[in-house]
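Listed below are the residues making up each chain.
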Amino acid sequence: QVQLVESGGGLVQAGGSLRLSCAASGGTFSSYAMGWFRQAPGKGREFVAAITWSGGSTYYADSVKGRFTISRDNAKNTAYLQMNILKPEDTAVYYCAGKVVFVTRSPREYTYWGQGTQVTVST
């Protein structure tokens, strides 16, 4: 059973940065495409970024393109989301997710999920 644990969330002022981590255990991390999603109060779960199993390709929502960077270290079984120039509208619970093989933007297609980490951006 794959377990994903996010960390790195917190409170930051607008314009600041945070780096989220997603540590995986119990499976073959290097075979999983990984995604980051977020959910603000009263809203659905939204795609943020995704990365292929090798790290060779990355994908971003238009709202974060140029500000966020997804990466992974397969030797450490960890995925990351570097978030720069944060805006109040980035406030949400951020989740990492994994699925076998192909990357996708749809949260319904991800098999494994972390518990989420809160990111709050103040004005």
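(A) Quick peek at the environment of Phe47. Note on placement: Phe47 falls in strand β5 (residues 46-51). Note on Phe47: relative accessible area 10%, which makes it buried. With near-sequence residues (within four places) excluded, Phe47 lies in contact with Trp36, Phe37, Tyr59, Tyr60, Ala61, Thr104 and Arg105.

(B) Examining the layout of surface pockets more closely. Its volume calculated, the largest pocket comes out at about 180 Å³. As for the largest pocket, its lining consists of 13 residues, and the residues nearest its centre are Arg38, Ala40, Lys43, Glu46 and Glu89. When its residues are assigned to classes, the lining of the largest pocket shows 2 nonpolar, 4 polar and 7 charged.

(C) Inspection of the pairing of strand β4 (residues 32-39) at higher detail. Across the 8 residues of β4, 7 count as buried, placing the element largely inside the fold. In the sheet, β4 pairs with β5 via 5 bridges, with the strands oriented antiparallel. Its bridge partner lying in β5, Arg38 is registered against Glu46. Between β4 and the antiparallel strand that follows it, β5, lie 6 residues; Gly42 among them carries a positive phi value of about 80°.

(D) Inspection of the packing of aromatic side chains at higher detail. Scanning the model with the defined rule gives 6 aromatic pairs in all. With a centroid separation of 5.2 Å and an interplanar angle of 50°, the aromatic rings of Phe37 and Trp113 are classed as tilted. With a gap of 76 residues between them, Phe37 in strand β4 and Trp113 in strand β10 (residues 112-113) connect regions that are remote in the sequence. Overall, the relative accessible area of 0% leaves Phe37 in the buried class. A ring pair is formed by Tyr110 and Trp113, whose centres lie 6.3 Å apart and whose planes are at 65°; its orientation type is edge-to-face. Given the relative accessible area of 5%, Tyr110 is considered buried. By relative accessible area, which is 26% here, Trp113 ends up partly exposed. Three or more aromatic residues joined by ring pairs form one cluster here, namely Phe37, Phe47, Tyr95, Tyr110 and Trp113. In this structure, Arg19 packs its charged tip against the face of Tyr80, placed 4.0 Å from the ring centre.

(E) Spotlight on the sheet that holds strand β1 (residues 3-7). Spatially, 4 strands are ordered β1-β3-β8-β7 in an open sheet, and the strand pairing comes out antiparallel. The outermost strands of the open sheet, each flanked by one partner alone, are β1 and β7 (68-73). Going from strand to strand, the sheet's axes swing by 15° on average, the running direction of each strand aside. Pairing analysis gives 6 bridges linking β7 to strand β8 (residues 78-83), with the strands arranged antiparallel. When the sheet's bridge partners are listed, Ile70 is paired in β8 with Leu81.

Reading guide: rules and limits
Residues numbered from 1 in each chain as written. Predicted model: local features only at pLDDT ≥ 70, side-chain atom pairs only at ≥ 80, totals over all residues. Heavy atoms only, no water. Helix = DSSP H or I, 4+ residues; strand = E, 2+ residues; numbered from the N terminus. Buried < 20%, exposed > 50% of the residue type's maximum accessible area, 1.4 Å probe, protein only. Contact = heavy atoms within 4.5 Å. 1 Å grid on protein atoms, 1.4 Å probe; cavity = no way out; pocket = protein on both sides within 12 Å on 5 of 7 lines; lining within 4 Å. Points joined across faces, edges and corners; volume = space filled by probe spheres on them. Nonpolar A, V, L, I, M, F, W, Y, C, P; charged D, E, K, R; others polar. Pairing = 2+ DSSP bridges. Phe/Tyr/Trp six-rings, centres within 6.5 Å; stacked < 30°, edge-to-face > 60°. Lys NZ or Arg CZ within 6 Å of the ring centre and 35° of its normal. Axes fitted to C-alpha atoms, helices over the stretch in contact; angles between N-to-C directions.

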